[in-house]
Amino acid sequence: MEKNHEMSITHMRQSLDKLGFVTQEYNDATLLRFLVARSMDIEKATKMFVEWKNWRDEFVPLGFIPDSEIPDELGDEKIYLQGPSKIGQHPVMVIKGNKHLPSKDQLQFKSNYLFSLFQFVVHLLDKTIASSFKDGKEVGNEKLIVVMDLEKISYKNVDARGLIIGFQFLQAYYPERLAKLYILSMPWFFVRVWKMISYFLEKATLEKVIIVNNEEQRQDFVKQIGEDMLTEDYGGRAKLVLVQDVTLNHFPARND
């Protein structure tokens, strides 16, 4: 670790100690993610950590969102968990956009749907990240790769609000967890939607987004992920595995 990073982490710990936060349970790699997300600004990184810790304590008191809390979302069978990637050894989350049907009810979106969306996003991110733990233990700098497959989507599958919320969630509460986001088979009508969504993304997030729209990018995508983790449709030889079918001993997803 660079010397200036070590000094910044030390100062951040001191700032958190003054605010009454016990930081011994968080290693340097964890704190460094917050610092990097805020351009090594100790004050901003400290504020981000405090907001994350308070949110985590309130929204995820068990430390995880159990499967039993999100049966409808899992029942759509639109999220798959592969991994690790050939390059970087990151777990790979695959999203099938044509299986997503957003709520059309504005009132429902503001209440039940929104809350369920939050829970679902937390469950997915937590489990995907946990799948990369070594010997069941978190290092703190684990990242994930997301593959958003938009093949065969129609207007009824488009959920700009949901995507914006998902990205904002990722940026606010999962700093420096995204390694890459690959978008496959983007239809012409989604281009304008993506431009609108991009407006709400931080520069650092946008730089990790790769829209695969030519053969060179497709080959690089396969090279990065690896044929053993991709299905034949994507240029590989694996089978997709639903996220709920992935069992992790250190991630008690079920609470039946």
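Description of the structure in this document. Keep in mind it's a predicted model, so treat the numbers as computed, not measured.

1. Some details on the sheet that holds strand β4 (residues 178–184)
Read from one edge to the other, the open sheet built from five strands follows the order β1-β2-β3-β4-β5, with strand pairing classed as mixed. Two strands close off the open sheet at either side, each with one partner strand: β1 (79–82) and β5 (209–212). Geometrically, the sheet is characterised by an average inter-axis angle of 20° between neighbouring strands, direction not taken into account. Of the pairings in the sheet, the one linking β4 to β5 comprises four bridges and is parallel in character.

2. Things to note about the environment of D228
For D228, the position within the fold is in the segment after α9 (215–225). Along the chain, D228 and V243 lie 15 residues apart, while their C-alpha atoms are 17 Å from each other. A distance of 3.0 Å separates polar atoms of two side chains, one belonging to D228 and the other to R237.

3. Here we look at the side chain of N157
Mapping N157 onto the fold places it in the loop between β3 (144–149) and α6 (160–173). N157 gets classed as buried once you look at its relative accessible area, which sits at 6%. Within polar-contact distance, the side chain of N157 engages the backbone oxygen of N98 at 3.3 Å. Polar side-chain contacts of N157 include one of 2.9 Å to the backbone nitrogen of S154.

4. A few points about the pairing of strand β2 (residues 92–96)
Of all five residues that make up β2, four are buried, and the element is covered over most of its length. Pairing between β1 and β2: four bridges, direction antiparallel. The residue of β2 that forms the bridge with L81 is M93. With five bridges connecting them, β2 and β3 associate as parallel partners. Bridge pairing in β3 places V92 opposite I145.

Basis of the calculations
Residues numbered from 1 in each chain as written. Predicted model: local features only at pLDDT ≥ 70, side-chain atom pairs only at ≥ 80, totals over all residues. Heavy atoms only, no water. Pairing = 2+ DSSP bridges. Helix = DSSP H or I, 4+ residues; strand = E, 2+ residues; numbered from the N terminus. Axes fitted to C-alpha atoms, helices over the stretch in contact; angles between N-to-C directions. Polar contact = N/O pair within 3.5 Å; in protein donor to acceptor, adjacent residues only side chain to side chain. Buried < 20%, exposed > 50% of the residue type's maximum accessible area, 1.4 Å probe, protein only.

Without other data, these values stay purely geometric and don't point to any function.
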